[in-house]
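Reading the structure
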Amino acid sequence: MAAKYTITYFDAAGRAEVTRLAFAAKEVEFNDVRLTSDEWKKMKPSVPQGQLPIMEVESGGKKTVICQSGAMARFVAREFGLYGKNNMENSMVDVALETIEDLFKELIKIYTASDEKTKDELKAELGKTVVPKFVKNFEDMIGGKDWIVGSDMTIADLAVFSLFKTMPSMFGEDSTKCYRENKNLQAHAKRVSENKGIKKWLASQPVKKRYLCGLKYSYGRQGQPVDPGVVQLSHHDTLHVGCLYVVDKTVLESEILGSSGLLTAAVAGKVVGETVVRRPPSTMPKYKVTYFESAGRAELTRLALCVAKQPFEDVRLKPEEWALQKESTPQGMLPILEVDEHIICQSGAMVRYIAREYGLYGNGNTENTEVDVILETTEDFVKDLIKFFYEKDPDKKTEAIKNFFDTTLPKFVAIYYEILCNNNGGNGWMVGSTVTIADLYVFSIFDGIKSFYGDDAVKAYTGNEKLEAHCKRVTEIPEIKNWLQRRPKE
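This write-up is about the structure you can find in this document. (Residues numbered from 1 in each chain as written. Predicted model: local features only at pLDDT ≥ 70, side-chain atom pairs only at ≥ 80, totals over all residues. Heavy atoms only, no water.)

1. A few points about the pattern of salt bridges
Pairing between side chains becomes possible if they bear opposite charge and their charged atoms approach one another. Per the counting criterion, the structure on display carries 31 salt bridges. Between Asp372 and Arg74 there is a salt bridge, and its shortest N-O distance comes to 2.8 Å. Of this pair, Asp372 sits in helix 14 (residues 364–386) while Arg74 sits in helix 3 (residues 69–80), and the two are 298 residues apart along the sequence. The exposure class assigned to Asp372 is buried, which follows from its relative accessible area of 0%. Taking the relative accessible area as the measure of exposure, Arg74 reaches 0% and is therefore buried. With its nearest N and O atoms 3.2 Å apart, the salt bridge here joins Lys383 to Glu101. One end of the pair, Lys383, is in helix 14; the other, Glu101, is in helix 4 (residues 87–112), and 282 residues separate them in sequence. With a relative accessible area of 4%, Glu101 lands in the buried category. (Salt bridge = Lys/Arg side-chain N within 4 Å of Asp/Glu carboxyl O. Helix = DSSP H or I, 4+ residues; strand = E, 2+ residues; numbered from the N terminus. Buried < 20%, exposed > 50% of the residue type's maximum accessible area, 1.4 Å probe, protein only.)

And the structure:
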């Protein structure tokens, strides 16, 4: 019996839209539940992590609830063939999705600006310098091809299409002017919109008329009379219904991919069997991680390579060395992972490549998705962590730091505790029966906070018996223990 899918979100495109588009592209039926504010208030206490969207998957008499928009989209992509055809193509999809995440972070800066002057300055720069940089990145990815990765449409194409389609409703037409003037990207958008399922979906969607950040757009259905009413939304509301989303890094194994010598054969993302394939020593890849002289965004990949027992060159650049290399580096930023002659940028794409290659991503699509939920949750945690780095006012920065450690950190500790306890009673790993990059990321983020702010800063984490034991399990992995002893001191 076919699985039943239900997406629950607000009456907007927002963070649910890429998953909706993925279902539409593959012409898979799903229930599209859209809540009013009152309905959400009643439902919120029972929703995982207290946030939308969520997706329910009913199959074989079992119902699974998936939170985190990126985890949802990745699940659908793996299930219905919207990833690449091998691990390297999967990683290139991940690069595109992480690049979108970077653009999204730039948009978030506008909302977190401490005063209207800074907010206006950031808005002005959006269309002038910020978006053009990302447009160039996406044009470079497409090159002379029809699609961003490989020969078929992937979740990366849907994500790029959706983001640039919805941005004008938040920031005005000028914000995406360079995108609309780019012939290659417009041709790409046309190819996406001409997909039979996408075309049908777009024609069925409401076009709304609201003032968001001082901008107005219509309300009604395409081809139908427009409701003349205007709804004035607050600054807080725009974060919920403003048609912004981000899909993090995803995977779909569609051929034989590796995991510590045990390879899983999958077709269209569905596991069909297992076979043991050993990589000959002569074909072992050479890995090189390049970053600054710190743990930062490269540390999770370093940890994953250690657990996978893969030697790698750990290159740490000084500022003057980076200045000489920046122009020739993909997207002009670090870290990067070199796999023989291939270069992977975007830290999430890097670690997912290693995780898929060496069995650190869970067993099957359900566990993959559970790992994704934790990675996305931790990305939310990191976003809150870095907010005060952008605050220029000393008093507001002090207040933001206090709020983070008094409120935000304990909130995420509670989330991790619940996730851990839901798997084997909290006496093993975050997902499944073996260590994954989810375990490494949770360990790494608290390890990083402790190194900057001291033991007292993470007492909510270290004081939790289950999480402290989980941390100990990670540090007692021989390869991790060895790495922590020999890695450069910061």
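Having seen it, we continue.
2. Examining the environment of Glu27
Note that Glu27 resides in the loop between helix 1 (17–25) and strand 2 (31–35). Residue classification places Glu27 among the exposed residues on the basis of a relative accessible area of 54%. When the C-alpha atoms of Glu27 and Trp201 are compared, they prove to be 9.4 Å apart, with 174 residues separating the residues in sequence.

3. Quick word on the pairing of strand 4 (residues 62–67)
As judged from the 6 bridges shared by strand 3 (residues 54–59) and strand 4, these two strands associate in the antiparallel manner. Bridge pairing in strand 4 places Ser59 opposite Lys62. (Pairing = 2+ DSSP bridges.)

4. Observations regarding the side chain of Glu357
Turning to its location among the elements, Glu357 is positioned in helix 13 (residues 347–357). Looking at Glu357, its side chain comes within polar contact range of the side chain of Asn87, at 2.7 Å. (Polar contact = N/O pair within 3.5 Å; in protein donor to acceptor, adjacent residues only side chain to side chain.)

5. Quick look at the sheet that holds strand 4
Judged by pairing direction, the sheet is mixed, and its 4 strands sit side by side in the order 2-1-3-4 without closing on themselves. Looking at which strands have only one partner, the edges of the open sheet turn out to be strand 2 and strand 4. Ignoring which end each strand starts from, the neighbouring axes of this sheet average 20 degrees apart. On top of the sheet, helix 1 reaches strand 1 (4–10), strand 2 and strand 3; it is set at about 145 degrees to strand 1, its chief contact. (Axes fitted to C-alpha atoms, helices over the stretch in contact; angles between N-to-C directions. Contact = heavy atoms within 4.5 Å.)

6. Structural notes on a nonpolar patch on the surface
A surface patch of nonpolar side chains, amounting to about 370 Å² of accessible area, comprises Phe389, Phe452 and Tyr453. Here Phe452 shows up in helix 16 (residues 437–453). Classification of Phe452 by relative accessible area gives exposed; the value is 64%. (Patch = residues over 30% accessible without salt bridge, like charges linked within 9 Å, V, L, I, M, F, W, Y side chains within 5 Å. Areas by Shrake-Rupley, 256 points an atom, 1.4 Å probe, with all protein chains shown as cover.)

7. Observations regarding helix 11 (residues 299–307)
With 9 of 9 residues buried, helix 11 is to be regarded as a mostly interior element. Three or more residues of helix 11 are buried, namely Glu299, Leu300, Thr301, Arg302, Leu303, Ala304, Leu305, Cys306 and Val307. Considering only its buried residues, helix 11 is in contact with strand 12 (287–292), strand 13 (312–317), helix 13, helix 16 and helix 19 (478–486). Immediately downstream of helix 11, the backbone of Lys309 shows phi near 60 degrees, a positive value.

8. Topic: the environment of Val76
Note that Val76 resides in helix 3. Counting along the chain gives 50 residues from Val76 to Lys26, while the straight-line C-alpha distance between them is 9.7 Å. Those residues in contact with Val76 that lie beyond four places of it in its chain are Thr19, Ala22, Phe23 and Met55.

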